[in-house]
Amino acid sequence: MGRLKLVETLVISTGQRFEVDLLNTGYVKAGIARYTSEWGASYFPLTLNEIVVVVSGDQVTRQIELPDDQTPTAIPTNGYLLVFRSFRSAVSAFGVGSRLTITATTTPSEFIDFPHIMGGGPLLVQNRNIVVNAEAEGFNYWFGQQLAIRSAVGVTATGEVLMVTVHNRVNGAGPSLTEMAKLMQQLGAIDAINLDGGSSTSLVLGGHLLNRTPDTAARVHNGLGIFI
């Protein structure tokens, strides 16, 4: 667990270079987002006026200007989609037939060797110390201050995995990020990271939702599963 920063750079055959801002995420910001088959069979636009560039076999095969936020685009199994949000000036560089290569680096550097990474955050506990700093990880100030139902995952000194959900306190709201970090620390976590919150906070064991009644649960964007 760490404060991961992934930097992917698209290199076009013309020599132009563009940084990918997001990879396989529902988080939205201006720039270029990349979606692979790990996201699913298709991509549904997350905002209006998106432009999608389809890349198959490292070559641009189509450019699509999506008319709404309901029309899906198939994700090629041998390639990926580039989604441009409020960045139309860059689209012309990705003409049909252009060849692309991708370089990637991570901070911390050892993350580049992992075959799978799941995003979360902010980091709660590291080396037994509370290290919450939401703004340093790109979360806004108000997210860092709010009280909410939360979930987290941690690891103990003996290698046990803690999967934790915390709901509202008596006559009050759920924990702050710092309170969540303290709870994980008290449960024995030497490293812990915050996951989802609010109505999509769900803890499932053997197909049964444990921490809430199903009628109060929202859809979950991604999840961490342990299979024994």
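We now turn to the structure provided with this report. (Residues numbered from 1 in each chain as written. Predicted model: local features only at pLDDT ≥ 70, side-chain atom pairs only at ≥ 80, totals over all residues. Heavy atoms only, no water.)

**Let's talk about the overall build of the protein chain**
Here is step 1 of the chain: If you tally the helices and strands in the protein chain, you get two helices and 17 strands.
Here is step 2 of the chain: Principal axes of the C-alpha set define a box for the protein chain whose edges measure 60 × 40 × 40 Å.
Here is step 3 of the chain: Relative to its full complement of 228 residues, the protein chain shows a buried share of 36%.
Here is step 4 of the chain: Sequence separation of 24 or more characterises 62% of the internal contacts of the protein chain that already satisfy a separation of 6 or more.
Here is step 5 of the chain: Just so you have it, the protein chain exposes about 13100 Å², and 52% of that area is on carbon and sulfur atoms.
Here is step 6 of the chain: Looking at charge distribution, the protein chain has the averaged site of its 15 positive side-chain charges lying 2 Å from that of its 18 negative ones. (Helix = DSSP H or I, 4+ residues; strand = E, 2+ residues; numbered from the N terminus. Buried < 20%, exposed > 50% of the residue type's maximum accessible area, 1.4 Å probe, protein only. Contact = heavy atoms within 4.5 Å. Areas by Shrake-Rupley, 256 points an atom, 1.4 Å probe, with all protein chains shown as cover. Lys, Arg positive; Asp, Glu negative; His and termini not counted. Charge placed at Lys NZ, Arg CZ, Asp CG, Glu CD.)

**Topic: the packing of aromatic side chains**
Here is step 1 of the chain: Throughout the structure, instances matching the rule amount to eight aromatic pairs.
Here is step 2 of the chain: Relative to F87, the ring of F18 lies with its centre 6.4 Å away and its plane at 70 degrees, an arrangement referred to as edge-to-face. Of the two residues, F18 is situated in strand β2 (residues 17–20) and F87 in the loop between β9 (79–85) and β10 (100–107); the sequence distance between them amounts to 69 residues.
Here is step 3 of the chain: By relative accessible area, which is 14% here, F18 ends up buried. (Phe/Tyr/Trp six-rings, centres within 6.5 Å; stacked < 30°, edge-to-face > 60°.)

**Quick notes on the sheet that holds strand β14 (residues 161–166)**
Here is step 1 of the chain: On the basis of which strands lie adjacent, the open sheet formed by five strands has the order β12-β11-β15-β13-β14 and antiparallel pairing. Two strands lie at the open edges of the sheet, namely β12 (129–130) and β14, each paired on one side alone.
Here is step 2 of the chain: Note that strand β11 (residues 123–126) and strand β15 (residues 189–197) share two bridges and pair antiparallel. Looking across to β15, one finds that L123 is bridged to I193.
Here is step 3 of the chain: Where helix α2 (residues 177–186) meets the sheet, it contacts β11, β12, β13 (150–156), β14 and β15, and its direction lies at approximately 35 degrees from that of β13. (Pairing = 2+ DSSP bridges. Axes fitted to C-alpha atoms, helices over the stretch in contact; angles between N-to-C directions.)

**Overview of the pairing of β15**
Here is step 1 of the chain: Here six bridges tie β13 to β15, and the two strands are oriented antiparallel to one another. Across the sheet, G154 pairs through a bridge with A192, a residue of β15.

**Quick look at the pairing of β9**
Here is step 1 of the chain: Of all seven residues in β9, seven are buried, a share of seventy percent or more.
Here is step 2 of the chain: Burial along β9 is two-sided: the face carrying G79, L81, V83 and R85 and the face carrying Y80, L82 and F84 are both buried.
Here is step 3 of the chain: With five bridges joining them, strand β4 (residues 31–35) and β9 adopt antiparallel strand pairing. Pairing of I32 across the sheet is with F84, part of β9.
Here is step 4 of the chain: Two elements, strand β6 (residues 51–56) and β9, share six bridges in a ladder whose sense is antiparallel. From the neighbouring strand, V54 faces β9, where its bridge partner is L81.

**Considerations on the pattern of salt bridges**
Here is step 1 of the chain: Counted by the stated rule, this structure contains five salt bridges.
Here is step 2 of the chain: Between R3 and E137 there is a salt bridge, and its shortest N-O distance comes to 3.1 Å. Placement of the pair is R3 in the segment before β1 (5–12) and E137 in the loop between β12 and α1 (141–145), with a sequence separation of 134 residues.
Here is step 3 of the chain: We classify R3 as partly exposed; its relative accessible area is 34%. (Salt bridge = Lys/Arg side-chain N within 4 Å of Asp/Glu carboxyl O.)

**As for the nonpolar core**
Here is step 1 of the chain: The biggest cluster of nonpolar side chains holds 17 residues, and the ones touching the most others in it are L82, F84, F94 and L100.
Here is step 2 of the chain: Only β1, β2, β6 and β9 provide two or more residues apiece to this core.
Here is step 3 of the chain: L82 has contacts with L10, I32, A33, R34, I51, V52, V53, V55, F94 and L100, leaving out every residue within four places of it along the chain.
Here is step 4 of the chain: Judged by nonpolar contacts, the second largest core, of 13 residues, contains L162, V164, V166 and A181. (Core = buried A, V, L, I, M, F, W, Y, C linked by side-chain atoms within 4.5 Å.)

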